[in-house]
Amino acid sequence: MSILLLGGTSDIAGEIATLTCHGEDVVLAARRPEAAQGLAEDLRQRGATSVHVLSFDAQVLDTHRELVKKTQELAGEISLAVVAFGILGDQERAETDETHAVEIATVDYTAQVSMLTVLADELRSQTAPAAIVAFSSIAGWRARRANYVYGSTKAGLDAFCQGLADSLHGTHVRLIIARPGFVIGSMTTGMKPAPMSVYPRDVAAAVVSAYTSKKRSTTLWIPGRLRVLAWIMRMVPRPVWRKMPR
Ligand SMILES: NC(=O)c1ccc[n+]([C@@H]2O[C@H](COP(=O)([O-])OP(=O)(O)OC[C@H]3O[C@@H](n4cnc5c(N)ncnc54)[C@H](OP(=O)(O)O)[C@@H]3O)[C@@H](O)[C@H]2O)c1
C-alpha cells in the first residue's frame, strides 16, 4: 500500500507524511521535485519502505490521471492520497489582473476538482480501503472582502467535497475534508497570525487521527473550537463584515 502526497513540498503534507510513512511506499508529487528531496530523505530515515519523487504541475489537468496511475505502478495500491497543493495568491493583484484571479481559481478549485475526481474513480477500482484528504479552509466559510478570490475557491471546493463524500458513502473509499483556520507556515509567511492559529503539525495530527481512527468520511475543523467562531462569523452583519481586515 502507498501514500501519495500531491504538493510534495507542502508544509502540512510533509507533516502528514512524517506521521504516516513508516513501513509505507511514499510518492511525493511536486511542482519543484528538487525541493522535495530533503523530505524524501527524511521519510526514508523514518522508515518509509520507498520514496519516489515525481514532477507534477496541478495546472496541467490532463496529466492528473496519468500521475495517479504512475503512482500505482511504482508503489502499489494507494491507501492515503493527500491533495495538498494550493496557493493563497495575491488578492490585491487578482482584483485587477484577471490572469492571476484565474490562476488562483485553477489551482485552488478546478485542479482540485480534477484530481479529486480522478482519485475517487481510481481508488474505487482498487481492492483495499483507501482515504483521500482534501483541504478546505475557514476562508471558504464566509468569503471576506479582503480575501474573496481564494475564499471563493475554498467555498466551492468544500461544497464539491461534501457531495463527493456522499457519493463515496458505502464504498471502501472515504474523504477527509480538513477545514483549518490560520496555519502558521510557508503559505502565510509575513502575515500576523489570526486568533486560534495552528501549526502544520497540528493540522497533520488532526488529519492522521481521523485517518487512523474513523472509518468513514468526515469534516474536521482545525482546531475543533473553530466551529464556534464559524457560527459567529455567519451572524456578523455585512456592513461590519466587509470591513474585516482579512
Ligand atoms: N496555510 C494555511 O493557513 C492554510 C489554511 C487553511 C487551508 N490551507 C490549505 O491547506 C493546503 C496545504 O497548505 P500548506 O499550508 O501546506 O501550504 P504550502 O506549504 O504553501 O504548500 C502548498 C503546496 O502547493 C504546491 N503548489 C502550488 N501550486 C502548485 C501547482 N500548480 N502544481 C503543483 N503544486 C503546486 C506548492 O509547491 P511549491 O513549493 O513549488 O510552491 C506547495 O507544495 C492548501 O490547499 C491550503 O490552501 C492552508
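Going along each chain's sequence as written, the residues are numbered from 1 onward. Predicted model: local features are reported for residues with pLDDT of at least 70 only, side-chain atom pairs are reported and counted for 80 or more only, and whole-chain, interface and lining totals are derived from all residues. Calculation of side-chain values draws on the structure's entire complement of heavy atoms; hydrogens and water are dropped beforehand.

### Structural notes on unusual backbone geometry
I222 connects to P223 through a cis peptide bond whose omega is 0°. Of note in this structure, M196 is not a glycine but carries a positive phi near 65°. Mapped onto the fold, M196 is located in the loop between β6 (173-180) and α7 (200-213). For each residue, the accessible area found with a 1.4 Å probe, counting protein chains only, is set against the maximum for its type, and the residue is called buried under 20%, exposed over 50%, and partly exposed in between. Using a relative accessible area of 25% as the deciding quantity, one classes M196 as partly exposed. Each helix is a run of H or I in the DSSP string that is no shorter than four residues. Each strand is a run of E no shorter than two, and both are numbered from the N terminus.

### Considerations on the side chain of R179
Topologically, R179 is positioned in strand β6. On the basis of relative accessible area, R179 is assigned to the buried category, the value being 10%. Pairs of N or O atoms are called polar contacts if they sit within 3.5 Å, as long as, within protein, a hydrogen donor faces a hydrogen acceptor (for residues adjacent in sequence, only side-chain-to-side-chain pairs). Within polar-contact distance, the side chain of R179 engages the side chain of D158 at 2.6 Å. If we skip the residues at most four places from it in the chain, R179 touches S136, S137, W141, D158, Q162, T219, L220, W221, I222 and L226. In this analysis, two residues are considered to be in contact whenever any of their non-hydrogen atoms come within 4.5 Å of each other.

### Focus: the environment of R225
Along the chain, R225 turns up in the loop between β7 (218-222) and α8 (226-233). We classify R225 as exposed; its relative accessible area is 53%.

### Here we look at the pattern of salt bridges
One side chain can pair with another of opposite charge once the charged atoms of both are near each other. The term salt bridge refers to a side-chain nitrogen of Lys or Arg lying within 4 Å of a carboxyl oxygen of Asp or Glu. Throughout the structure, instances matching the rule amount to eight salt bridges. Residues D42 and R46 are paired through a salt bridge, measuring 3.0 Å at the closest nitrogen-oxygen approach. In this structure, R65 and D121 form a salt bridge, with 2.8 Å as the shortest nitrogen-oxygen distance. Of this pair, R65 sits in helix α3 (residues 64-75) while D121 sits in helix α5 (residues 98-124), and the two are 56 residues apart along the sequence. Its relative accessible area of 30% is what places D121 among the partly exposed residues.

### Let's talk about the site of the ligand
In the vicinity of the ligand, 28 residues are found, and the nearest of them are T9, S10, R31, R32 and Y150. D57 is positioned such that a nitrogen or oxygen atom in its side chain is 3.1 Å from a nitrogen atom of the ligand. Here the ligand loses 93% of its free accessible area of 910 Å² to cover by the protein chains. Breaking the shell around the ligand down by element, the ones donating at least two residues are α1 (11-20) and α6 (148-168). Only Asp, Glu, Lys and Arg are considered charged, only Ala, Val, Leu, Ile, Met, Phe, Trp, Tyr, Cys and Pro nonpolar, and every remaining residue, Gly among them, polar. A breakdown of the residues in the shell around the ligand according to their chemical character gives 13 nonpolar, 10 polar and five charged. By convention in these notes, a residue is near a molecule or strand provided one of its non-hydrogen atoms lies within 4 Å of it. For every accessible area listed, the method is Shrake-Rupley and the probe measures 1.4 Å; residues are considered covered only by the protein chains on display.

### Describing the packing of α3 against α5
Taken N-terminus to C-terminus, the directions of α3 and α5 make an angle of 40°; their axes are 9 Å apart at the nearest point. Overall, the two elements α3 and α5 adopt an arrangement that is oblique. The chirality of how α3 crosses α5 is right-handed. Contacts between α3 and α5 pair H64, R65, L67, V68, K69 and Q72 from the former with A111, S114, M115, V118, L119, D121 and E122 from the latter. Across the contact of α3 with α5, the residue classes tally to six nonpolar, three polar and four charged. Axis lines are fitted to C-alpha atoms, over the contacting stretch for helices. Their N-to-C directions set the angle, which ranges from 0 to 180 degrees. Roughly parallel covers angles under 35 degrees, roughly antiparallel covers those over 145, roughly perpendicular covers 65 to 115, and oblique covers all other angles. It is the rotation of the near helix from the far one that decides the hand of a crossing: anticlockwise by less than a right angle makes it left-handed, clockwise makes it right-handed.

### Some thoughts on the sheet that holds strand β3 (residues 50-55)
Only strands joined by at least two bridges in the DSSP assignment are considered to pair. As summarised here, the arrangement of the seven strands in space is β3-β2-β1-β4-β5-β6-β7, forming an open sheet in which the pairing is parallel. Two strands lie at the open edges of the sheet, namely β3 and β7, each paired on one side alone. In this sheet, adjacent strand axes meet at a mean angle of 15° when their direction is disregarded. Summarising the sheet, strand β1 (residues 2-6) and strand β4 (residues 78-83) pair through five bridges and their orientation is parallel. Note that in β4 the partner of L4 across the bridge is A81.

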